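Fold and geometry: a report
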Amino acid sequence: MNSLGFDKKPADTRVVVAMSGGVDSSVTAGLLHAEGYDVVGVTLQLYDHGAAIERKGACCAGQDIYDARQVAERLDFPHYVLDYESKFRQSVMDDFADSYLRGETPIPCVRCNQTVKFRDLLATARDLGAEALATGHYVQRVMGERGAELHRAVDPSRDQSYFLFATTDEQLDFLRFPLGGMPKTETRVLAEKMGLEVADKPDSQDICFVPNGSYASVVEKLRPGAIEAGDIVHVDGRVLGRHDGIIKYTIGQRRGIGIGGTTEPLFVVRLEPESHRVVVGPREALARDIVRIGQVNWLGDQPLTPEGIDVQVKLRSVSDVAAARIRSSAKGGAEVVLLEPQFGISPGQAAVFYDGARVLGGGWIAETDLKLAAA
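Residue positions are given per chain, counting from 1 as you read along its sequence in written order. pLDDT decides what is reported in this predicted model: residues at 70 or higher carry local features, side-chain atom pairs at 80 or more are listed and counted, and totals for whole chains, interfaces and linings draw on all residues regardless. Excluded from the side-chain calculations are hydrogens and water; all other atoms, namely the structure's heavy atoms, are used.

Quick look at the overall build of the chain
What counts as a helix is a DSSP run of H or I of at least four residues, what counts as a strand is a run of E of at least two, and both are numbered from the N terminus. Of regular secondary structure, the chain possesses eight helices and 17 strands. Dimensions of the chain along its principal axes, counting C-alpha atoms only, are 70 × 50 × 35 Å. Using a 1.4 Å probe on the protein chains alone, a residue whose accessible area is under 20% of its type maximum counts as buried, one over 50% counts as exposed, and one in between counts as partly exposed. When the 375 residues of the chain are sorted by exposure, 51% land in the buried category. For the chain, the proportion of contacts with a sequence separation of at least 24, taken over those separated by at least 6, is 65%. Under the convention used here, Asp and Glu are negative, Lys and Arg are positive, and both His and the chain ends fall outside the count. Every charge is mapped to an atom, namely NZ of Lys, CZ of Arg, CG of Asp or CD of Glu. The averaged location of the 52 negative side-chain charges in the chain is 3 Å from the averaged location of its 42 positive side-chain charges. The contact definition used throughout considers only heavy atoms, calling two residues in contact when any of these lie within 4.5 Å.

This is the structure in structure tokens:
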């Protein structure tokens, strides 16, 4: 049995490596090549790279494609660049813009993994005769009694399991994550030992197609004329000011709201896209302990039931896990009941469930509520 779990020699095992041009995917390819696997590198061109060539921290465009090609040439394995711009635009960028216009806070990196990378690229890897698709994600694939399981990375500061919750059981059978058991510092050391020029390359930004972090400018470009001004309203009904687009606000936001003269700290409590209103209030107005989710991808051994099971849930990529109970909903999807209220939960984000290190799945947050308000 070789290191990827196949009963054959590495030389007889073809592995496609998704290469973004960064240090993580480059080391992934290098490690597998050094073990003797039949490595094929594939880089996806995801968006117009002309404007991104000089941008630091981008991925899948311009300089990054060149860097991936250089790694493949240095280590001597075949490398292909595939034009996925149209797929990326439809599956990720359009969804990103529409989500913001609905008053949500989207996570395009999850959509990219869910569609372009683990659906379209995985199919391409099979077409190339590969038996596995390897990526540079910091997450672990662990064999359990019922098959492959998704687990957190060993290095908690690099763990990317939150962004991979939509990975299906069928995809896990085909995927491999060689870096999940090592810290990022070791990855860079390995890159230096391999003589790779990307060893000191900065990590890519979370959202590769958003220049200078300006979400609003991207939405305006994708949906011209769709952004409208409206009122900033206190939860008690007072109109406090005006804004020039709800896409510039997220639930839980405190700074940069655009109002002054108030004695209490104010937070964005909710966004109302139909009336173009931004509703603000004190921090306690953000408290929620019921989270309704849709498009659930469940990876647990037992199916979800109306009775539910106890889990730990992560409601933002940067938040800690919270104790909760998840149960299937009669309306479809699932309902999460938090043991203690959480603050700043936003529709459009993901709710990801854990049992210790194991990822049990997740879904997209659709609505939030408070028990007292729902009673």
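Read on, since the account is not over.
Here we look at the nonpolar core
What we call a nonpolar core is a set of buried Ala, Val, Leu, Ile, Met, Phe, Trp, Tyr and Cys residues that are connected through their side-chain atoms within 4.5 Å. Counting residues in each nonpolar core, the largest one holds 50 residues, and the members touching the most others are Phe88, Leu133 and Phe209. For this core, the element with the highest residue contribution is helix α4 (residues 108–127), accounting for seven residues. Excluding residues within four positions of it along the chain, Phe88 makes contact with Leu46, Tyr47, Met93, Cys112, Val116, Cys208 and Phe209. Val15, Met19, Ala68 and Leu196 belong to the second-largest nonpolar core, a separate cluster that totals 28 residues.

Examining the pairing of strand β2 (residues 38–45)
Most of β2 is tucked away, with seven of its eight residues classed as buried. Two strands qualify as a pair provided that DSSP identifies no fewer than 2 bridges between them. Note that strand β1 (residues 14–18) and β2 share five bridges and pair parallel. Residue pairing for β2: Val16 is matched across the bridge by Val40. After leaving β1, the chain enters helix α1 (residues 23–34) and then returns to the sheet as β2, a path that is right-handed. Looking at chain direction, β2 and strand β3 (residues 79–83) are connected through five bridges and run parallel. When the strands point away from the viewer, a crossover counts as right-handed if the path from the first strand over the helix to the second runs clockwise.

Regarding helix α2 (residues 63–75)
Here the expected span of a helix is defined as 1.5 Å times the quantity of residues minus one. In a regular helix each residue adds 1.5 Å, so 13 residues correspond to 18 Å; α2 covers 19 Å between its end C-alpha atoms and thus fits that length. Every buried residue of α2 is listed here: Asp64, Ile65, Asp67, Ala68, Val71, Ala72 and Leu75. Down the axis of α2, the buried set is contained in an arc of 160°. They therefore lie on one face. Set apart from the buried face of α2 by more than 90 degrees, the exposed residues are Glu73 and Arg74. Taken together, the buried residues of α2 touch α1, β2 and β3. Asp76 sits one or two residues past α2 and shows a positive phi near 65°. The directions from the helix axis to the C-beta atoms are what the arc is built from.

Comments concerning the confidence of the model for the chain
With 94% of its residues at a pLDDT of 70 or more, the chain shows a mean pLDDT of 91. Of the regions scoring below 50 in pLDDT, residues 49–58 engages in 18 contacts with residues more than four places distant in sequence or in other chains. A score from 0 to 100, pLDDT tells how confident the predictor is in each residue.

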